[in-house]
Amino acid sequence: MPYDPTIYRCSAAYYAQGRPPYSRALVPALAAEVGLDGSGRLLDVGCGPGVLAIALADCFAEAIALDPDAEMLAEGARRAMHAGIANIRWVQALAEDIPALDLGRFKLVTFGQSFHWTDRERVAEAVYEILEPGGALALIAHVHAGRPEPSGPGEPPIPHDAIRALIDHYLGPRRRAGQGFAVPPADRYEDALARTRFGAPRQIFCPGRPDIVQDIDGVLANYFSTSFAAPHLFGDRRAQFEADVRAELAARSPSGLF
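Within each chain, residue numbers correspond to sequence positions counted from 1 in written order. Where totals are concerned, whole chains, interfaces and linings use all residues; where local detail is concerned, this predicted model gives features only for residues with pLDDT of at least 70, and gives and counts side-chain atom pairs only at 80 or more. Values reported for side chains reflect all heavy atoms of the structure, with hydrogen atoms and water molecules removed beforehand.

A. Region of interest: the overall build of the chain. Numbered from the N terminus, helices here are DSSP runs of H or I no shorter than four residues, and strands are runs of E no shorter than two. Scanning the chain from terminus to terminus reveals ten helices and seven strands. With respect to the three principal axes, the spread of C-alpha positions in the chain is 55 × 40 × 35 Å. Across the 258 residues of the chain, 44% fall into the buried class. The criterion used for residue contact is that any of the two residues' heavy atoms lie within 4.5 Å. Pairs at least 24 residues apart make up 79% of the contacts formed inside the chain by residues separated by at least 6 positions. When the accessible surface of the chain is split by element, carbon and sulfur atoms take 53% of a total near 13,300 Å². Asp and Glu are treated as the negative residues and Lys and Arg as the positive ones, with His and the ends of the chain left uncounted. Every charge is mapped onto a representative atom, which is NZ of Lys, CZ of Arg, CG of Asp or CD of Glu. Taken as two groups, the 25 positive and 32 negative side-chain charges of the chain have centres that lie 1 Å from each other. Each residue's exposure class comes from its accessible area (1.4 Å probe, protein chains only) as a fraction of the maximum for that residue type: buried when under 20%, exposed when over 50%, partly exposed otherwise. To be clear on the numbers: accessible area is Shrake-Rupley with a 1.4 Å probe, and residue cover counts the displayed protein chains and nothing else.

Here is the structure:
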């Protein structure tokens, strides 16, 4: 499918606030697996507002954060500057453009919850070509099915089912993505990789964080940061949708925390 530039329109400002942070063990795990020591280069593909690139920047001499969305890149550059990180170069391009970009070679190429948006096998083969000897590709995703759930701090869980029912009410039951609808991959990341020169990947699990607490603004930001509930999709009904979500959340938690 051709790239739709409206997929994440107006979502960049909500991303870092709303998305749950990665495991605290993620960066140390990648550092140990790939031998990160402050040298070499990182390419973070589909970087969004730079959450992963910023977290990993100190492990490399240089990082390139690549994304087709200009708003995401601008938000990432702003966040990096605020954090005092100056070794990230922000590049607007599709993952499929990698062979034509002349980016050089990399010790690590990451996809933080972004590989499913790409022509997976074609892009994986392009990444294979730009890895330095001993380099690695890391596909990172939040996966919790079948894993132990850490004990939380006591607030009620986010009522995702109720919020998704509201999204269905406003946008219809078919999952939206930009001007069209989401088309899930035919199979898993690891199945796609197994059909490339990478072969079957090794899976590493980093435990979840037990201390994530979001307020009502954070829960709303989480949804507004997604492709299926991006703010622009609601049009002139956005304010009413937001009011309905706030009412639902307030009824579920007197403290407003989840």
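B. A look at the nonpolar core. We define the nonpolar core as a collection of buried residues of types Ala, Val, Leu, Ile, Met, Phe, Trp, Tyr and Cys that are connected through side-chain atoms lying within 4.5 Å of one another. L36, I88 and L108 are the most contacted members of the largest nonpolar core, which totals 26 residues. Every element with two or more residues in this core is listed here: α2 (26–34), α3 (51–56), β2 (62–67), α4 (70–82) and β5 (131–140). Per-element accounting of this core gives the leading share, five residues, to α2. Not counting residues within four places of it along the chain, the set of residues in contact with L108 comprises V34, L36, R41, L42, L43, L56, F60, A136 and A138. Grouped together as the second largest cluster of nonpolar side chains are 22 residues, A93, F106, F115 and A126 included.

C. Structural detail: the environment of P21. With respect to the helices and strands, P21 occurs in the loop between α1 (12–18) and α2. Between the C-alpha atoms of P21 and A31, which are ten residues apart in sequence, the distance is 18 Å. Aside from chain neighbours lying at most four places away, what touches P21 is H142, R209 and I212.

D. Inspection of the pairing of β5 at higher detail. Pairing between strands is defined by DSSP: at least two bridges between them are needed. Sheet topology places strand β4 (residues 106–112) next to β5; six bridges connect them, and they run parallel. Following the sheet pairing, T110 is matched in β5 by A138. Note on handedness: a clockwise path from strand one over the helix to strand two, with the strands aimed away from the viewer, defines a right-handed crossover. Read from β4 through helix α6 (residues 120–130) to β5, the crossover connection turns out right-handed.

E. Structural detail: the sheet that holds strand β3 (residues 88–92). Spatially, β3-β2-β1-β4-β5 is the arrangement adopted by the five strands of the open sheet, whose pairing is parallel. Of all strands in the sheet, those bounded by a partner on one side alone are β3 and β5. On average, each strand axis in the sheet is inclined to that of its neighbour by 15°, with strand direction left out of account. As defined by bridge partners, strand β1 (residues 41–45) adjoins β4 across four bridges and the pair is classed as parallel. Across the sheet, L43 pairs through a bridge with V109, a residue of β4. The axes are straight lines fitted to the C-alpha atoms, using for helices just the contacting stretch, and the angles between their N-to-C directions are given from 0 to 180°. Of the strands in this sheet, β4 and β5 are in contact with α2, which crosses β5 at around 150°. Across the face of the sheet, α4 comes into contact with β2 and β3 while running at roughly 170° to β3.

F. Broad picture of the packing of aromatic side chains. Each Phe, Tyr or Trp ring, with Trp reduced to its six-membered ring, pairs with another whose centre is within 6.5 Å; inter-plane angles below 30 degrees give stacked pairs, above 60 give edge-to-face pairs, and intermediate values give tilted ones. Here the structure, examined in full by the defined rule, presents eleven aromatic pairs. Considering the side-chain rings of Y170 and F234, the 6.3 Å spacing of their centres and the 70° angle between planes classify their relative orientation as edge-to-face. With a gap of 64 residues between them, Y170 in helix α7 (residues 160–171) and F234 in the loop between α9 (216–224) and α10 (238–252) connect regions that are remote in the sequence. What makes F234 buried here is its relative accessible area of 4%. A ring is considered to have a charge above it if a Lys NZ or an Arg CZ atom is located within 6 Å of its centre and within 35 degrees of its normal. Over the aromatic face of F205 sits the side chain of R147, whose NZ or CZ is 4.1 Å from the ring centroid. In this arrangement the basic side chain of R174 is found over the ring face of F181, its NZ or CZ atom lying 4.2 Å from the centre.

G. Main features of the environment of P185. As for its placement among the helices and strands, P185 is situated in the loop between β7 (180–181) and α8 (189–194). Each residue touching P185, except ones within four places of it in the same chain, is listed here: H116 and R120.

H. Structural detail: the pairing of β2. For β2, the tally of buried residues reaches five of six residues, placing the bulk of the element in the interior. Examined bridge by bridge, β1 and β2 share five bridges and lie parallel to one another. Residue pairing for β2: R41 is matched across the bridge by E62. After leaving β1, the chain enters α3 and then returns to the sheet as β2, a path that is right-handed. Looking at chain direction, β2 and β3 are connected through five bridges and run parallel.

In short, shape yes, function no, at least from these values alone.
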